[in-house]
Amino acid sequence: MVAHTPSRFARRSRFLAIGAALALTATACGGGGGDATTSPAADSAAAPAGDGELKLGTLLPNTGGLSFFGPPMTAGVDLAVEEINAAGGVNGKDATAMHRDSGDTTTNIATQSSTEMLGQGVSAIIGAASSGVTKTVINQITGAGTLMMSPANTSPDFTDWDDKGLYWRTAPSDVMQGRILGNVMVGEGAATVGMIVLNDAYGTGLAKNIRGAVEGAGGEIVAESMFNEGDSQFSSQVDEVVAAKPDAIAILSFDQARSIIPLLIQKGIKPTQMYFVDGNVTDYSKDFDKGTLKGAKGTQPGSFAGEDFKDRLATVNDSLKDWNYAAESYDATTLIALAATAAKSVDAAAIAKELESVSRDGEKCKDFATCKKLLDEGKDIDYDGISGPISFDGNGDITEGIMGIFEYDESNVPQPLREEAGAV
């Protein structure tokens with residue numbers, strides 16, 4: 001990845017309706033609601049490129065194994081756009097956002113969606129959620145001179161990607177999540193660990209860092225069984241891992257966990273032996289009998305969603321049950337708008353040059369309105385987000401992060417247990 005120069009950020013986001021013929025219907029797991037394809041706006045046609053309006057696109061999962069991420073992530077963008085525009089917008093104009101599906105790596109949806117949004121002249125695309133999906137479109141998007149900011153990509157591969165300084169992310173890499181989850185398992189007495197791993201950039205990256213943490217603490221990885229995106233049968237992977245008799249089992253998957261969990265239970269694995277990651281930490285209250293997951297634990301990057309933030313998200317989607325990466329999506333949108341404000345431009349390269357600056361080493365501020373006021377006064381700012389302190393480095397990565405650790409209750413719902421902060 002080409003180094004980013006220190007920069008600032010300001011930007012606006014409001015919803016752009018392109019027309020019903022272009023809309024994609026959102027189908028999401030985990031209780032997400034609403035149509036996530038376009039946000040309401042007064043106009044039904046895209047504004048012409050080059051008119052100074054900050055146009056955002058989102059490439060988030062309405063379908064596929066991460067579809068339960070779609071509603072909270074889209075809501076995070078929508079809320080940020082509303083608040084940005086309520087504070088006067090970006091450089092005197094309302095921001096807009098058009099929402100398109102990313103699908104997953106079994107489809108070509110992400111490429112089609114990216115092509116459409118690039119054709120509409122967006123300054124930035126927020127997404128994808130999946131690191132594997134991002135790998136299929138990052139060169140297309142950054143190669144077109146468009147900014148890309150993912151709220152959820154965690155693969156370490158993106159740190160050194162040749163992205164022309166146009167790829168950024170508000171989630172910590174798997175170096176942090178893998179290290180913390182490995183330490184949690186060993187800290188709770190696991191001397192041996194088995195892993196069921198999605199064979200893509202996300203799963204293998206997590207597995208590598210979990211292995212390093214477990215072995216570094218004197219533990220042993222006794223089994224690591226892989227599966228591919230699109231697989232529907234997991235008996236062989238479960239049999240292989242269970243046969244190794246591990247003290248703990250890490251399930252590194254997306255929605256496939258719904259099929260893996262019953263197989264583990266049938267083999268006598270206790271919920272307290274199961275450990276989940278951000279791709280599958282979700283509400284399973286409607287999937288399994290009460291108590292099925294009681295005591296299981298999982299990790300999710302970012303601070304716990306506070307009640308105030310949940311209430312604000314409910315104003316744009318009142319049927320949310322999951323809040324995965326809503327904060328990171330909100331922060332990504334706000335940071336882009338702030339960088340555009342600082343740059344006094346909606347040009348992607350100009351925005352990118354200001355992102356590092358608005359995220360660190362200035363006067364602290366926590367919302368677009370306050371930060372914009374400081375920028376208008378000619379002051380340097382340091383935006384600290386809802387997801388935690390966000391300080392970009394020259395590679396577009398955050399340098400410090402917060403990891404939430406959850407424990408499942410009797411109803412199979414993940415409840416906040418504790419947060420761990422540290423360098424990424």
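Up top is the structure.
Model, not experiment: these values are computed from the prediction. (Residues numbered from 1 in each chain as written. Predicted model: local features only at pLDDT ≥ 70, side-chain atom pairs only at ≥ 80, totals over all residues. Heavy atoms only, no water.)

### A short note on the sheet that holds strand β13 (residues 388-389)
Part 1 of the argument: A sheet is described by the order of its strands in space; here three strands give the open sequence β11-β12-β13, paired in mixed fashion. Of all strands in the sheet, those bounded by a partner on one side alone are β11 (363-365) and β13.
Part 2 of the argument: In this sheet, β13 lies alongside strand β12 (residues 381-385) in antiparallel orientation, the contact comprising two bridges. Across the sheet, the residue bridging to Gly-385 is Gly-388, located in β13.
Part 3 of the argument: Against the sheet, helix α9 (residues 326-343) makes contact with β12 and β13, and its axis sits at roughly 165 degrees relative to β12, the strand it touches most. (Pairing = 2+ DSSP bridges. Helix = DSSP H or I, 4+ residues; strand = E, 2+ residues; numbered from the N terminus. Contact = heavy atoms within 4.5 Å. Axes fitted to C-alpha atoms, helices over the stretch in contact; angles between N-to-C directions.)

### Considerations on the packing of aromatic side chains
Part 1 of the argument: The final tally for this structure, using the stated rule, is 13 aromatic pairs.
Part 2 of the argument: With 5.7 Å between their ring centres and 35 degrees between their planes, Tyr-284 and Phe-288 make a pair best called tilted.
Part 3 of the argument: An angle of 80 degrees between the planes, with centres 5.7 Å apart, marks the rings of Phe-309 and Tyr-330 as edge-to-face. Residue Phe-309 is found in helix α8 (residues 307-314), and its partner Tyr-330 is found in helix α9; the two are separated by 21 residues along the sequence. Neither residue differs from the other here; Phe-309 and Tyr-330 are each classed as buried.
Part 4 of the argument: Members of the aromatic cluster, each reached through a chain of ring pairs, are Phe-276, Tyr-284, Phe-288 and Tyr-408.
Part 5 of the argument: Above the plane of the ring of Trp-323 lies Lys-310, whose end atom (NZ or CZ) is 4.2 Å from the centre. (Phe/Tyr/Trp six-rings, centres within 6.5 Å; stacked < 30°, edge-to-face > 60°. Buried < 20%, exposed > 50% of the residue type's maximum accessible area, 1.4 Å probe, protein only. Lys NZ or Arg CZ within 6 Å of the ring centre and 35° of its normal.)

### Side note on the pattern of salt bridges
Part 1 of the argument: Tallied over the entire structure, the rule returns 21 salt bridges.
Part 2 of the argument: The partner of Arg-312 in a salt bridge is Glu-83, and the shortest N-O contact between them spans 3.0 Å. Remark: Glu-83 occurs in helix α1 (residues 70-86) and Arg-312 occurs in helix α8; sequence separation between them is 229 residues.
Part 3 of the argument: A salt bridge links Glu-420 to Arg-418; the shortest N-O distance between them is 3.5 Å.
Part 4 of the argument: Judged by its relative accessible area of 27%, Glu-420 is partly exposed.
Part 5 of the argument: Three or more residues joined by partner-sharing salt bridges are found here, namely Glu-83, Asp-308 and Arg-312. (Salt bridge = Lys/Arg side-chain N within 4 Å of Asp/Glu carboxyl O.)

### Here we look at the environment of Gly-203
Part 1 of the argument: With respect to the helices, strands and loops of the structure, Gly-203 is situated in helix α5 (residues 201-216).
Part 2 of the argument: The buried category is assigned to Gly-203, whose relative accessible area is 0%.
Part 3 of the argument: For Gly-203, the residues in contact, after removing those within four places along its chain, are Val-197, Leu-198 and Leu-252.

### Re the pairing of strand β6 (residues 192-198)
Part 1 of the argument: Counting buried positions along β6 yields seven of seven residues, so the element is predominantly enclosed.
Part 2 of the argument: Residues of β6 alternate between two faces, with Thr-192, Gly-194, Ile-196 and Leu-198 on one and Val-193, Met-195 and Val-197 on the opposite face, all of them buried.
Part 3 of the argument: Where β6 and strand β7 (residues 220-227) come together, seven bridges link them in parallel fashion. Residue Ile-196 lies in a different strand from β7, and its bridge partner there is Ser-225.
Part 4 of the argument: Assessed by its sense of winding, the connection that carries the chain from β6 through α5 to β7 is right-handed.
Part 5 of the argument: Of the strand pairs in this sheet, β6 and strand β8 (residues 248-252) are connected by five bridges, and their pairing is parallel. Its bridge partner being in β8, Val-197 is matched across the sheet by Leu-252. (Right-handed = clockwise from strand over helix to strand, strands pointing away.)

### Topic: the state of the cysteines
Part 1 of the argument: Under the definition given, this model contains one disulfide.
Part 2 of the argument: There is a disulfide in this structure between Cys-365 and Cys-371, and the S-S distance comes to 2.1 Å. What sets the handedness of the Cys-365 and Cys-371 disulfide is the S-S torsion sign, and at about 110 degrees it is right-handed.
Part 3 of the argument: Here Cys-371 falls in the buried class, since its relative accessible area comes to 0%. (Disulfide = S-S within 2.5 Å.)

### Description of the packing of helix α2 (residues 109-119) against helix α3 (residues 131-143)
Part 1 of the argument: Running from N to C, α2 and α3 cross one another at 30 degrees; their axes reach a closest spacing of 9 Å. On the basis of their axis angle, the class for α2 and α3 is roughly parallel. Regarding α2 and α3, the two cross each other, and that crossing is right-handed. Facing α2, whose interface residues are Ala-110, Thr-111, Ser-114, Thr-115 and Leu-118, α3 presents Val-133, Thr-136, Val-137, Gln-140 and Ile-141.
Part 2 of the argument: Looking at the contact of α2 with α3 residue by residue, the class counts come to five nonpolar, five polar and no charged. (Parallel < 35°, antiparallel > 145°, perpendicular 65-115°, else oblique. Left-handed = near helix turned anticlockwise from the far one by under 90°. Nonpolar A, V, L, I, M, F, W, Y, C, P; charged D, E, K, R; others polar.)

### Quick look at α2
Part 1 of the argument: Looking only at α2, the buried set comprises Ala-110, Ser-113, Ser-114 and Met-117. Taken around the axis of α2, the buried residues stretch over an arc of 100 degrees, which confines them to a single face. Opposite the buried face of α2, at more than 90 degrees from it, the exposed residues are Gln-112 and Gly-119.
Part 2 of the argument: Among the structural elements, β1 (55-60), β2 (96-101), β3 (124-127) and α3 are those in contact with the buried residues of α2.
Part 3 of the argument: Within two residues after α2, Gly-121 carries a phi angle of roughly 75 degrees, on the positive side. (Arc of directions from axis to C-beta.)

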